[in-house]
Every structure is written in structure tokens, then in C-alpha cells.
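A closer look at the structure
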Amino acid sequence: MIPVVQRTFYTGFGLRLASDIALPELLPDAGREGRADVEIRREDLAAAWSERRDGERLHAVDESECWLNIPEVAVYRIRSGSEIGYDPAAGAQGTAVRLYLLGSCMGALLIQRRILPLHGSAVVIGGKAYAFVGESGAGKSTLAAAFVKRGYPLLSDDVIPVSVARGQVPAVLPAYPQQKLWRESLERLGMNESRYSPIYDSKYAVPVPSRFCNEPIPLAGVFELVKSDREQAEMVRLDGLERLPILQYHTYRQFLIPRMGRVQWHFATAASIAGRIRMYRLRRPSAGFAVDDLVDRIMGAALPEASGQLNG
């Protein structure tokens, strides 16, 4: 049984959220009650989902609504960039319901609001935001955790909200102060798994409230993390037409975009970001990687840029 609680306000993904389900991952909003950017509430969605479902697909999408059915967890409805309804399955755990609510649901909602959600992690270096994107298992969260361990603030993990206002530098909006790390990553970073709560399988929630940046930060660079058969890590700078498809491909839940009628927006937004930041491809050995070496390589690229010593 997922208990419904009194309407509570939180901040996350650069938004003010009001929710009737407790969201301990997010920062509470101590401001006055009243209007929220997003309303999260429990609804009876089973019958409506049965009418909307398309064969065996687990989603149904149009320009104003996105429905997601996660078996044994919940049915979700994301509407007009301002509402998320959830209908938990019998026996569903609150951790699982929140996992998809703060992941896939927020990714769809950000697209509805025309905020680009990149799939990866972002940290603050020298007052600028740097994002690590890549395929699942590439090591994005591990790399970000290594930066956090060195004292650099976390902005986002898993879903990176990037806001692009007309004529302004793209900015990463703060998500919430938690990372999700595999047991292998905890071991690599010398972190004791017994201190953290499991989310699913061997993945753990790692709160970082004291090392979280809770304000938008200008995006200065994106590093694409790629596994390779090489024995040593290699970093190359990407220029010109190489940049755009990387941002498009690593958009969180990008398969939803055509059905949401956001193809033109997606292209224009990714192109605008690509023209304003630096981008790199960071190849690391598939058999494992020395995370401190990757951190040092990224610092070598980011610090001169963050201090204004490089142009272009």
C-alpha cells in the first residue's frame, strides 16, 4: 500500500512540485503553499489506460499526454508539462513507484515543457556545469561520483535538465541531491555499500545533500563516455557536425519525441546547445577504467575553459 500524504512541496529539476506521495529524494520547499509548477497526485488510471494502450506497447503518447505502464509498479499519466498522475500496482513498493516517477515521468514532462533532458550526470567545475553522457553502463554516474568525492558539487544524476532561453547560454537546472550507483562503482570508489539503501538489484541510492548545487549553472561542456577495446583512455575534442547527433542521441527517453510532436524543437534546441559549448568524446577501456585518470583528463580540459583562458 502506497500511502497518500498531505500535499507537500518540493523543488527538483528546476521546478516547484506539489505531491501527495512523499518524495524523500527531493529537497523540501520551505516557501508558502499555493501554486506549483507540477502537481503529482494519485489517480485511478487503470480503465483509461486500457482504452489508450496500443497493443503490447508500454506507452501511449500524443502532443499533450504521455502514458507509461510499468508492470508490477504503476501506470503513469504525464499531462501538459504540469501534471503527473500515478496509479500503483497491487503490492508495488514506494521506492519503485518513485524511481519511475523521478526518472521516465520527469523526462517526459521536461520534454513537454521544452526543457532538454540529457541522459547522464552533471557536476560543477569552476562555476560551470559539465555533463557526462553515454550508454547505460558507460560509467557516467561513477565518473560524477568521483568528482563529488573530490568536493565538486553534483547538479544531476540520470536526468540532466538543460534550459535554453532565447539568446542566453544554456543552463543545467538542479535535479535532486542523490546518485544511483552500482555495487561495482561503490567498490571502485572505496564506498561501503552497507551505508546505502538498495534501489533494485545491486544498485544503491547515494544521497549527497552537502555536495549538491541547488541553483542553475551555465553549461560549458559535454563529455560523451564510450567503452573501447583500447588499453588506455583517450579524449578527443569534437567539432562541427559531430556535436549535434550526440546531443540528440543522448536525450533521455528520446524515442518519445516524434510521438510528442517535438522533433523540430528537439533539433533546434540541440543545435543551439551544440553551438555554444565544448564537446569531447572520452573513450575508456571496456575491461575497467581508472576513474581518477578520467577525472584528471576532464579537469585538464575544463579548468582552463572555466577560468576563461580558452576561447572558441
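So, here is what we can say about the structure in this document. (Residues numbered from 1 in each chain as written. Predicted model: local features only at pLDDT ≥ 70, side-chain atom pairs only at ≥ 80, totals over all residues. Heavy atoms only, no water.)

This part is about the packing of aromatic side chains. Enumeration according to the criterion identifies eight aromatic pairs in this entry. Their ring planes at 25° and their centres at 6.4 Å tell us that Trp49 and Trp67 sit as a pair that is stacked. Within this pair, whereas Trp49 is found in helix α1 (residues 46-52), its partner Trp67 is found in strand β6 (residues 65-70), the two being separated by 18 residues in sequence. Here Trp49 matches Trp67 in class, with each residue buried. Geometrically, the ring pair formed by Phe132 and Phe147 is stacked, given 5.5 Å between the ring centres and 25° between the ring planes. Of the two residues, Phe132 is situated in strand β10 (residues 128-134) and Phe147 in helix α3 (residues 140-149); the sequence distance between them amounts to 15 residues. On the basis of relative accessibility, which here comes to 0%, the residue Phe132 falls in the buried class. Joined through ring pairs, the aromatic side chains of Tyr130, Phe132, Phe147, Tyr152, Phe223 and Tyr280 make up one cluster. (Phe/Tyr/Trp six-rings, centres within 6.5 Å; stacked < 30°, edge-to-face > 60°. Helix = DSSP H or I, 4+ residues; strand = E, 2+ residues; numbered from the N terminus. Buried < 20%, exposed > 50% of the residue type's maximum accessible area, 1.4 Å probe, protein only.)

A large share of strand β16 (residues 217-228) lies buried, amounting to nine of its 12 residues. Bridge count for β10 against β16 is six bridges, and the pairing is parallel. Paired with Val133 across the strands is Glu224, a residue of β16. Here strand β12 (residues 171-172) pairs with β16 via two bridges, running antiparallel. Across the sheet, the residue bridging to Ala171 is Pro218, located in β16. Note that β16 and strand β18 (residues 278-285) share eight bridges and pair parallel. Across the sheet, the residue bridging to Glu224 is Arg281, located in β18. (Pairing = 2+ DSSP bridges.)

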